[in-house]
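What follows is each chain in one-letter form.
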Amino acid sequence: MKKRIKGADALMEALINEGVDTVFGYPGGSIIPVYDSLKNYSDKLRHVLVRHEQGATHAAEGYARVSGKVGVCFVTSGPGATNAITGIGDAMIDSTPIVVVMGQVGASLLGTDAFQEIDVVGITQPITKWAYQIRRPEDIAWAVARAFYIARSGRPGPVVLDFAKNAQVSEVDYEPSVCDFIRSYLPKPIVQDVYVQQAADLINAAKKPFALVGQGVVLGNAEKELMTFLEKADIPAGWTLLGESVMPTDFRLNKGMLGMHGNIGPNMKTNECDVLIAIGMRFDDRVTGNLNTYAKQAKVIHIDIDASELDKNVLTTVPLLGDVKEVLPKLTEKVAAANHSEWINSFAEYEQREFNEVISKELMPQSGNLKMGEVVAAVSEAVNHDAVLVTDVGQNQMMAARYFKFRQSRSVVTSGGLGTMGFGLPAAIGAKIACPNRTVCFFTGDGGIQMTIQELGTIMQEQTGVKIILMNNNWLGMVRQWQELFYESNYSQTKMVNPDFSLLAKAYGIASREVSERGELKSAIEDMLKTDDPYLLIVNVEPEGMVYPMTPAGHTITDIMTGEKK
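First, a word on scope: everything that follows refers to the structure included in this document. (Residues numbered from 1 in each chain as written. Predicted model: local features only at pLDDT ≥ 70, side-chain atom pairs only at ≥ 80, totals over all residues. Heavy atoms only, no water.)

The next point concerns the packing of helix 17 (residues 372–382) against helix 24 (residues 518–529). Taken N-terminus to C-terminus, the directions of helix 17 and helix 24 make an angle of 40°; their axes are 10 Å apart at the nearest point. Accordingly, the angle class assigned to the pair helix 17 and helix 24 is oblique. In this structure, the crossing between helix 17 and helix 24 has a hand that is right-handed. Of the residues in helix 24, those in contact with Glu374, Val375, Ala378, Val379 and Ala382 of helix 17 are Arg518, Leu521, Ile525, Met528 and Leu529. Partitioned by chemical class, the residues of the contact of helix 17 with helix 24 number eight nonpolar, no polar and two charged. (Axes fitted to C-alpha atoms, helices over the stretch in contact; angles between N-to-C directions. Helix = DSSP H or I, 4+ residues; strand = E, 2+ residues; numbered from the N terminus. Parallel < 35°, antiparallel > 145°, perpendicular 65-115°, else oblique. Left-handed = near helix turned anticlockwise from the far one by under 90°. Contact = heavy atoms within 4.5 Å. Nonpolar A, V, L, I, M, F, W, Y, C, P; charged D, E, K, R; others polar.)

Here you go:
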């Protein structure tokens, strides 16, 4: 039923119609009418005031990743819009569904270089699934419905709505709009049964099958279908960084992380298997290393919903285009029940090697400074391996990915493809708001946290119970590691002089504790977890720690460094 309302009110109605309950944002001149309207919808829409527009986009990403819903944020025009670009790019490459509503100058001023005018659509088109400028209030309901359909369907991703000020203040006869079809846009390709049969034939004939599992399984809500498939065909599996929590850590066929800092077994076995089954992953360079030597012995089956990913980096024997939730049951039906115990047991040799050369030294040091890995493992143990892990980018990210454990899916929030330092703090806020009953553990370094440290103000205002574990080594640790290994220890501009983080926490009303000794770690973690309030645990770790294993960039994935002197 139509009702006469202002365009800004129509935006609120349209968002509520899409099931939105939370918006992250920061007001400014060109979006004031939207904020003026927002106060009338406070019973239905929670607004979280961030401290920077980049924080709004990352918070929306964190919200989307753990909830499975579309994250939403509001920003103003000009610098507000450009501040949001990093988060939009991050969401695009990591397939995170967010809708960013940007204020814009009035339609009559477009193209005049008006105050805080910038070509939002031109800037964001290359890093969004869709970018559209709303110039008339009559287009609001249609544009919002279309935006959410595009953001959440198929391979998810970000959408930008550039909302001209005249459309915000003008009146319109509003009625809800629904979008479930767009001509020329096919979000769920039709699964070709002939390729399903070809894939099943390869798997049934395989002696050493190996599955590579990515975030596409999580995005497709196909975790159960994956487990059923792996169990029936008895196929060991490795996971990408973003696909980490898709399988419980203790699942018998879970063989660990792929890629540059991944586990030795999955990387070595990629170049030993006879059939490689890629499921919802994109063969990122951090996973493959040198493509000229990557899995050349294997027949490759690639399951993905995005046709552009098939044969993009790795040529496939069987390209299986389709929604993984539809493809996997079809494939499971056609594969034979198998027993690959000898092949699966062969991973044990590499697991033992990694334990001896890397894990035991990281998790069970006999002396010296605290290590990042032991801190991560201790926190994971304390939360019974059942928390949401959020990370920043760098050594803290890789250590957290390696040593945090999981019981359920949608439990990892990290910046994968773009590798955005500063991502973690606002993303943790979004994750905690999306799942208030789950513990959210955010691991960060002293470099990354200072890129968006102003979001401690958001935590203070919202009392968001994020547990922040700051592993402080007074270095830009990952860059320092590369400088040591590949640049003759030329530590150019990576040494950090840091503030007193405990005083910063106090200024924001956040409880904190700082530890440097191994004997203090357990009680400090217990202090952090005994309340639901936000908390900053500052752990001073070894200054020059290294993340191993490591495959150098551009090398064959089996060229694995463990830190052992040869």
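What follows covers the pattern of salt bridges. Under the definition given, this model contains 29 salt bridges. Notably, a salt bridge pairs Arg4 with Asp173, separated by 3.3 Å at the nearest N-O pair. Residue Arg4 is found in strand 1 (residues 3–6), and its partner Asp173 is found in strand 8 (residues 171–174); the two are separated by 169 residues along the sequence. In this structure Asp173 comes out as partly exposed when scored by relative accessible area, which is 42%. A salt bridge links Arg402 to Glu354; the shortest N-O distance between them is 2.7 Å. Of the two residues, Arg402 sits in helix 18 (residues 395–403) while Glu354 sits in helix 16 (residues 347–363), which places them 48 residues apart along the sequence. (Salt bridge = Lys/Arg side-chain N within 4 Å of Asp/Glu carboxyl O. Buried < 20%, exposed > 50% of the residue type's maximum accessible area, 1.4 Å probe, protein only.)

Moving on, we come to helix 9 (residues 193–205). Look at helix 9: 18 Å from first C-alpha to last across 13 residues, which is about the 18 Å you get at 1.5 Å a residue. Where helix 9 is concerned, the buried positions are Val196, Ala199, Ala200, Leu202 and Ile203. On an axial view of helix 9, the arc spanned by its buried residues comes to 160°, and they lie on one face. Where the residues of helix 9 are buried, they touch helix 11 (223–233), strand 12 (275–279), strand 13 (299–304), strand 14 (318–321) and helix 14 (324–334). (Expected span 1.5 Å × (residues − 1). Arc of directions from axis to C-beta.)

Moving on: helix 24. Among all positions of helix 24, only Leu521, Ala524, Ile525 and Met528 are buried. Take helix 24 and look down its axis: the buried residues cluster within an arc of 100°, on one side only. Facing away from the buried surface of helix 24 by more than 90 degrees, the exposed residues are Gly519 and Lys522.

Read from one edge to the other, the open sheet built from six strands follows the order 11-10-9-12-13-14, with strand pairing classed as parallel. In the strand order of this sheet, the two ends are held by strand 11 (254–257) and strand 14, each with one partner. Across the sheet, the mean angle from the axis of one strand to that of its neighbour is 20°, orientation sign disregarded. Here strand 13 runs beside strand 14; their pairing, made up of four bridges, is parallel. Bridging from a neighbouring strand, Asp304 pairs with Leu321 of strand 14. (Pairing = 2+ DSSP bridges.)

Below, the discussion takes up the nonpolar core. The biggest cluster of nonpolar side chains holds 75 residues, and the ones touching the most others in it are Leu230, Ile279, Ile301, Ile303, Phe404 and Phe443. Sequence-distant contacts of Phe404, defined by excluding residues within four places in its chain, comprise Glu244, Val376, Val379, Ser380, Val383, Ala387, Leu389, Met399, Cys441 and Phe443. Within the second largest apolar cluster, 46 residues are counted, among which are Val75, Val388, Val390 and Ile538. (Core = buried A, V, L, I, M, F, W, Y, C linked by side-chain atoms within 4.5 Å.)

For the rest of this paragraph, the subject is unusual backbone geometry. Residue Tyr548 is joined to Pro549 through a cis peptide bond whose omega torsion reads -5°. Relative to the elements of secondary structure, Pro549 occurs in the segment after strand 20 (535–540). Despite not being glycine, Gln116 has its phi angle at roughly 60°, a positive value. Turning to its location among the elements, Gln116 is positioned in the loop between strand 5 (98–104) and helix 6 (120–124). In the Ramachandran plot, Ser184 falls in the positive-phi region, its phi being about 80° despite a non-glycine side chain. Owing to a relative accessible area of 81%, Ser184 belongs among the exposed residues under this scheme.

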